[in-house]
Amino acid sequence: MAETNSTDADSRAEPFAVSYDVEPQIEEVPVRAVAFSPEDSAAHFEEKAFPILNRARGVELNRTLTQEEKELAAAGYGQLEEQKALQAENDSNVGQVDITEHAIPLADLDDKLSTSIDVKDPANSNGLTSDEAKKRLVENGPNVLTPPKKKSALRKYIDRLLTMFNVLLILAGILEYILLGVNFRENFQNTYLGGILIAVAFLNAFIDWYQVQKSEAILASFLAMIPPSCRVLRDATIQTIPAADLVIGDVVLLRVGDKTPADMVVFSATDLKVDNSSLTGESEPQERRALPNGSPSRPVEAENLVFNSTLVVNGEAWGVVVRTGDRTLIGQVARLTSGEEGKEAPLAKEIARFVIQISCIAIIFAIVFLIVGVTTVYKGDPDLTVTFAVSVLVAFVPEGLPSVVTLLLSIAAKRMASQNVLVKDLQGVETLGEFNLTERLQLTMLATDKTGTLTRNQMTVTNLWSGLRMFSAFQTTQFSLDSPGMSEMVDIAALNSRVKFDKTDVAFDKREILGDATETGLTRFAGKYLGSMYDEYQRSYPKVFEVPFNSTNKWALVIVQKPHKTGVLASLIKGAPERVLAKCSTYLHDNVEVPITDEFRTAYDAAYNYMASRGHRVIACARSLLDENQYPADYTFSRSDANYPSEGYCFVGLVSLEDPPKHGVREAIGTLRLAGIKVMMVTGDHPKTAEAIARKINLILGDTRETLASKTSRSVEEVYEDEVSAVVVHGDDIDNLQGWQWDQIFAKDEIVFARTSPKHKLEIVKRAQALGHIVGVTGDGVNDSPALKRASHLGIAMNISGSDVSKEAAKMILLDDNFASTVKGVAEGRQIFVNLKRSIQYTISHSTPEVIPQLLYVIIPIPLPLSAILILVIDLGFELFVALSFAWDKPETVDGLMRMTPRKPVNDRTIASLKRRALRRTRTLRRDYENQNIIPVSKLSKVIAKLTRPFKREYWEDVMEPTENESLVDLKLLSYSYLEAGLIETLGALVAYFVVFFKNGFSPSDLRRAQQSTGLTNPYFTKGAPAFINYRGQSIDDTQQIDALGQAQSIGDASVFAVKAKFSYPFGRRILGNPWNFAGIFGGACLGMFIVYTPPLHVVFGGSFHLSPLYWLIPAAFGCLLLVWTSIRVVLLRKSIQNSRVKDIKGLMMCKCKAV
């Protein structure tokens, strides 16, 4: 900060020849006008809202909000009553805590706690000494909460073991052992099969459990990188220490945006408000103040007590720590309500649904094959029939899929963490929350704050306007405070300030300023001219009363003891120009207060427009010299009843502060827009400032109605909405917008909301979500936290510049404060989804070549081409290695994924469909005839409705409705896996099977004839089988038969790279550039050869070491055929893929220069 502003040390504001009798040479753009009362120049000035959406639009007609739009507007509110009930239960627990320190009078508090506080001047408190603090830390332990009770590792493992796939495998294994008990000699082979099936289930569960444990450890390690900190007075010096090191008796400074680090008694406060909703359920921030005599109320109602983990949303305070760790209120409540709960994320549900569907299909086919086997091949032999049915079940169930999914997502999470993107919401540990991460990173809209997020949060004063003259802060000539209005501007910048310094015993320019960016910039500006006199200057004019800045008032007021001709008190105000000007009746001109005139109005509009249109933040300053007759020195001011001067001020001037965009923001926003994500700015700044910054960073490229009207010399009313692609909406308009107007706003490509409050941000996000958008919100301040936490699917906070409140509310934290990391997160989320889909596609493509041979075994019949044990080897051996390697796949093309629309795009068709369903749901709700409240549906009614839903037309209309959404397992994936790749792989495996048998003396007809001879005491292809006479009259003994069957069963088929081809052919550097694919192939091949060519293993798995490696060329040839078909498929689908790409955006400014 100091380094950034060091250039200002040599800069001095000097008036230059700009008079607003002559307009500055800037583009003429209509701006928000300030309406002055023609009747009285002293009347309040109110800024008119941009009439963007509330006025007539040519031939457009107003229309009322329909029932459909009302339903959409109310979307997401259905669970509020349930949340209130849960909160009421929590409130009852809060009332049971044991805290008494709030009742101690302030005069006795320092003695009770053995500390040093100064109630009159808190900054002069000494607090504890460092040695005493260390001693207390050893005695009482660190200020941390004992983690809540969680499921034991064994319980978590059991939960993993009881998933659908694993239960099926365990049941199948148990069934094999039951058969072993029925007929031990005939079913001895089942010993291996049953054991392997059960072992596979336990292994799957272990891999899943182990990765969950690792995910929890990763999250804990990264959260440790951003430990909570606080500002504490020790040895009479303000220090920033970890919150865990706080001890009882420490004196702590709380400011806006802080998270309270411990339970504290407040002994000095200025407009302090805290958010206790997480503890008490109070939706509105609660005011807290010092009470000299203590508070007799319950702890939760005490006005002088703030609690650990609550958020400071307004004002500042000094407090002394009275409770730490588990002895705090939240620590005591945690013991009363200990426990944990988790909810399944959307993508996890999608995978679970797919698992259930596959399992049901497998069970149905196993039962059908069981019946077929009993009635055909295995008549009178139920043991073999059951074993055969188990083989079918094993063939259908992709046993390695759960492990692959878990491992793949865990690897992706580590990669995210390595890119300075911390995902807080891993969902514990119960559902492996990367599922949730992947879903949330499929954004369709990103709402971003401006200051500190898109800009550097380093404010520097650039221009000042006072007395109808403009001054530059970048002139090299020494500036004199005698310049008209400048001393008053410096007064306001220095005295109406809440900043603190880390040290006061060093030169001003070497201090670290603790405060928000705007006040820091103004303080630096004042410090340039006051220099070493800054501290003395503030002490000379002490504060008497203060109203801090908040997002509702948008101004800050301070009353100081500064003698003047008519009294000793002066009121100084700064804030949003329209709000400050509304309180003024005069302006300062050549040190004389002059009534506001038309000349001033014109000059003010031009100056404001000039500053704001350059993208600068504009602050207005005003003063009021209070008359001693009305406001004597001992006058008692009060905020509660607004007993302070709020009108009749003298307008001093405007100050503009520049906060340049961060490096890389322009390119990042351009990349997001090219990825089909609508980026909108939601800021508290002036509309012209917001629009100017938006045009610098690729957020606005086209015209708004105002700019187009200016270019075409038309009035704004003559410009139609469909002529423009951008809109700038003022916060004052938001509360009155109707549903169709919201639709009109979100239909624009480029959106900026300006002069918004936290309530507005929350409303904007909820409205976007009601249209089906997956909304991300980025921010770093307190005013962003409601939208970050309560509304957005993905809240993104800044680590370095972000407040504790925003980081607490967010689900993802950018550790390096780099907005471009958002792009990395989105790209990674999309790649995770693609890799996961590839892995599933590859895994289930082997179901067809495993099931069809079982079918041929029953229908034709032929000797069993693939045993259940070999299917397990394929699924858990070769497949597992290769499927896992997809985790390291990179994008198929340079910009392929980041030029595709989101997988759940939002457009006119999806919005219309959403509205139709919402309207239909509204009409089916039962309501009370008297009060129209919704009557809850009974559980029985819900069950009946669920069972009857498939028999209704609306259900099938919804199911069959065309959709552009891309699901994890869709028809294209199933078609490729089961019908295209599956059939080609099946054909390759069967050709190899018959060729191997033919080379061993068996023609296809011989195989059918041999298999039909099931009535023999010793069937063919078993030990002790009779010799078989083939079609050439040759005799083949039992040893040759077994060896031939072993060779035929040892052939498999697979193609790794075919599943990776979507945008381009399955060749080239990007398709073949993942070395882990080759490592997976090598690992799987080694396992396969080890089993085939190791004779002792043949007892369990079958096979034959006599198999010639040349036979592997047959499935390899069919693998090449699959690559050819994949290439043809790429050509056939190219047009549809091109249509789903985001079109080029004209005018994007993207840096294409390479780093040197």
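Because the structure is a prediction, the values reported are computed rather than measured.

(A) Up close: the confidence of the model for the protein. In the predicted model, the protein carries a mean pLDDT of 78, and 80% of its residues have values of at least 70. Confidence drops under a pLDDT of 50 for residues 72-95, and excluding neighbours within four residues, the segment shows 28 contacts in the predicted structure.

(B) Spatial organisation of helix H3 (residues 106-113). Among all positions of H3, only Leu106, Leu109, Asp110 and Leu113 are buried. An end-on view of H3 places all buried positions within 90° of arc, on one side of the element. Exposed and facing more than 90 degrees away from the buried side of H3 are Ala107, Asp111 and Lys112. On its buried face, H3 sits against helix H4 (130-140), strand E7 (263-275) and strand E10 (311-323). One or two positions beyond H3, positive phi appears at Ser114, with a value near 55°.

(C) Quick peek at the packing of helix H14 (residues 486-495) against helix H15 (residues 517-530). Packing of H14 against H15 leaves a shortest axis separation of 8 Å and a crossing angle of 120°. Relative to H15, the element H14 is oriented oblique. Considering the relative orientation of H14 and H15, their crossing is left-handed. Contacts between H14 and H15 involve Val490, Ala493 and Ala494 from the first element and Leu522, Phe525, Ala526, Tyr529 and Leu530 from the second. The residue inventory of the contact of H14 with H15, partitioned by class, reads 8 nonpolar, no polar and no charged.

(D) The arrangement of the UniProt feature "transmembrane region" (unreviewed entry) in the protein in detail. What UniProt calls "transmembrane region" (unreviewed entry) maps, in this numbering, to residues 161-180, 192-210, 354-378, 384-409, 855-888, 976-998, 1076-1098 and 1110-1132. The span residues 855-888 shows a helical share of 68% and a strand share of 0%, and its end C-alpha atoms are spaced 36 Å apart. The span residues 1110-1132 is 87% helical and 0% strand by assignment, and the distance between its end C-alpha atoms comes to 34 Å.

(E) Seen up close, the environment of Leu572. Tracing the sequence through the fold places Leu572 in strand E19 (residues 567-575). By relative accessible area, Leu572 is classed as buried at 6%. The spatial distance from the C-alpha of Leu572 to the C-alpha of Ile492 is 6.0 Å, given a sequence separation of 80 residues. Aside from chain neighbours lying at most four places away, what touches Leu572 is Asp491, Ile492, Leu495, Asn496, Ala556, Leu557, Val558, Val560, Ala622 and Arg623.

(F) Examining the state of the cysteines more closely. With the rule as written, the count across this model stands at 0 disulfides. Among the cysteines around Cys584, which has no disulfide bond, Cys650 carries the closest sulfur, lying 7.1 Å off. Judged by relative accessible area, Cys584 falls into the buried class, the value being 1%. Residue Cys650 is classed as buried on the basis of its relative accessible area, which comes to 1%.

(G) Region of interest: the pattern of salt bridges. A complete count under the given rule lists 42 salt bridges for this structure. With its nearest N and O atoms 2.6 Å apart, the salt bridge here joins Asp598 to Arg601. Here Asp598 and its partner Arg601 are both found in helix H18 (residues 598-612), 3 residues apart, which amounts to about one turn of the helix. Here Asp598 falls in the exposed class, since its relative accessible area comes to 53%. Between Arg666 and Glu667 there is a salt bridge; the shortest N-O distance is 3.1 Å.

(H) Spatial organisation of the sheet that holds strand E26 (residues 750-754). The strand order across the open sheet formed by 8 strands is E11-E29-E28-E27-E12-E24-E26-E25, and the pairing between neighbours is mixed. The open sheet terminates on both sides in strands that have one partner only, identified here as strand E11 (421-423) and strand E25 (726-730). Adjacent strand axes in the sheet meet at a mean angle of 20°, parallel and antiparallel pairs treated alike. Where strand E24 (residues 678-682) and E26 come together, 3 bridges link them in parallel fashion. Each bridged residue has a counterpart across the sheet, and for Met680 the counterpart in E26 is Ile751.

(I) Seen up close, the pairing of strand E12 (residues 445-448). Going residue by residue along E12, you find Met445 and Ala447 tucked away on one face and Leu446 and Thr448 tucked away on the opposite face as well. Judged from the 4 bridges that link them, E12 and E24 form a sheet pairing that is parallel. The residue bridging Thr448 from the neighbouring strand is Met681, located in E24. Bridge count for E12 against strand E27 (residues 775-779) is 4 bridges, and the pairing is parallel. Residue pairing in the sheet places Ala447 in a bridge with Val777 of E27.

(J) The packing of aromatic side chains, seen in detail. Under the counting rule described, the total for this entry stands at 35 aromatic pairs. Measuring from ring centre to ring centre gives 5.7 Å for Phe600 and Phe651, while their planes differ by 70°; the resulting arrangement is edge-to-face. Here the residue Phe600 occupies a position in helix H18, and Phe651 occupies one in strand E23 (residues 649-658), the gap between them amounting to 51 residues. On the numbers, 5.7 Å between centres and 20° between planes, the contact of Trp742 with Phe746 is stacked. Residue Trp742 and its partner Phe746 are located together in helix H23 (residues 739-746), separated by 4 residues, close to a single helical turn. Given the relative accessible area of 2%, Trp742 is considered buried. For Phe746, a relative accessible area of 4% gives the class buried. Here the guanidinium or amino end of Lys562 rests over the ring plane of Tyr541, the centre of that ring lying 5.1 Å away.

Quick notes on the rules
- Residues numbered from 1 in each chain as written.
- Predicted model: local features only at pLDDT ≥ 70, side-chain atom pairs only at ≥ 80, totals over all residues.
- Heavy atoms only, no water.
- pLDDT = per-residue confidence, 0-100.
- Contact = heavy atoms within 4.5 Å.
- Buried < 20%, exposed > 50% of the residue type's maximum accessible area, 1.4 Å probe, protein only.
- Helix = DSSP H or I, 4+ residues; strand = E, 2+ residues; numbered from the N terminus.
- Arc of directions from axis to C-beta.
- Axes fitted to C-alpha atoms, helices over the stretch in contact; angles between N-to-C directions.
- Parallel < 35°, antiparallel > 145°, perpendicular 65-115°, else oblique.
- Left-handed = near helix turned anticlockwise from the far one by under 90°.
- Nonpolar A, V, L, I, M, F, W, Y, C, P; charged D, E, K, R; others polar.
- UniProt positions renumbered as here; feature names shortened; annotations may be inferred.
- Disulfide = S-S within 2.5 Å.
- Salt bridge = Lys/Arg side-chain N within 4 Å of Asp/Glu carboxyl O.
- Pairing = 2+ DSSP bridges.
- Phe/Tyr/Trp six-rings, centres within 6.5 Å; stacked < 30°, edge-to-face > 60°.
- Lys NZ or Arg CZ within 6 Å of the ring centre and 35° of its normal.

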